[in-house]
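# Structural features, examined
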Amino acid sequence: MKLKNVTKDLYTLADEAKAKLLFLIDYADGAGLDTSAISGIRKKFTRRNIEGAIKDLRELLPYLENHKAELEAGDMPKNFLDYVPTILPTMKTLNAEQIAIISTRKYLVEDNQALFNDAYGYISKTITRGKKVFKKNRQKR
């Protein structure tokens, strides 16, 4: 349940960022800036590659800040770019928590696999010996 909740929160935030980036594409296009990097980040959010999107967004942010005047000269609201730095730490934290939960589950599966193998071995031995003991008592159907 915890994994579902963390994933839901992370994907909700990613979808929100993706929607904001759609507007940013329009603002950048209106300012005559290259929009391919922004589109690439949106695709990563769509494909749920959160780590890649965060990394690319961090790298894109200085470029956007350098061209902030051009973006604001167009249709972009004054504080629009302030949204990006506020969501990045939250997304990074949620992504790390999701990875930690998944890793914990993998270790639990590995630990339980040893118990399953022991139980399977015991059951196999019991079945094999049981077949030998009750060989003559088989009923025909």
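Everything below is about the structure shown above.
Description of the structure in this document. Fair warning: this is a prediction, and the values are worked out from it, not measured in the lab.

### Comments concerning helix α2 (residues 36–46)
Within the sequence span of α2, burial applies to I38, I41 and F45. End-on view of α2: buried residues confined to an arc of 60°, all on one side of the axis. After α2 finishes, the residue R48 shows a positive phi value of roughly 65°.

### With respect to the side chain of T7
Relative to the assigned elements, T7 resides in helix α1 (residues 2–30). Here Q98 takes part through its side chain, which lies 2.9 Å from a polar atom of the side chain of T7.

### Some words on a nonpolar patch on the surface
Side chains of Y122, I123 and I127 sit close together on the surface and give an oily, nonpolar patch of about 340 Å² of accessible area. Position of Y122 among the secondary structure elements: in helix α5 (residues 83–133). Judged by its relative accessible area of 61%, Y122 falls in the exposed class.

### Concerning the packing of α2 against helix α3 (residues 50–66)
Interaxial distance between α2 and α3 falls to 9 Å at its minimum, and their mutual angle equals 160°. For the element pair α2 / α3, the angle class is roughly antiparallel. Relative to α3, the crossing made by α2 is left-handed. Between α2 and α3, the residues in contact are A37, I38, I41, K44 and F45 and I50, G52, A53, D56, L57, L60 and L64, respectively. For the contact of α2 with α3, the class distribution of residues is nine nonpolar, one polar and two charged.

Reading the values: the criteria
- Residues numbered from 1 in each chain as written.
- Predicted model: local features only at pLDDT ≥ 70, side-chain atom pairs only at ≥ 80, totals over all residues.
- Heavy atoms only, no water.
- Buried < 20%, exposed > 50% of the residue type's maximum accessible area, 1.4 Å probe, protein only.
- Helix = DSSP H or I, 4+ residues; strand = E, 2+ residues; numbered from the N terminus.
- Arc of directions from axis to C-beta.
- Polar contact = N/O pair within 3.5 Å; in protein donor to acceptor, adjacent residues only side chain to side chain.
- Patch = residues over 30% accessible without salt bridge, like charges linked within 9 Å, V, L, I, M, F, W, Y side chains within 5 Å.
- Areas by Shrake-Rupley, 256 points an atom, 1.4 Å probe, with all protein chains shown as cover.
- Salt bridge = Lys/Arg side-chain N within 4 Å of Asp/Glu carboxyl O.
- Axes fitted to C-alpha atoms, helices over the stretch in contact; angles between N-to-C directions.
- Parallel < 35°, antiparallel > 145°, perpendicular 65-115°, else oblique.
- Left-handed = near helix turned anticlockwise from the far one by under 90°.
- Contact = heavy atoms within 4.5 Å.
- Nonpolar A, V, L, I, M, F, W, Y, C, P; charged D, E, K, R; others polar.

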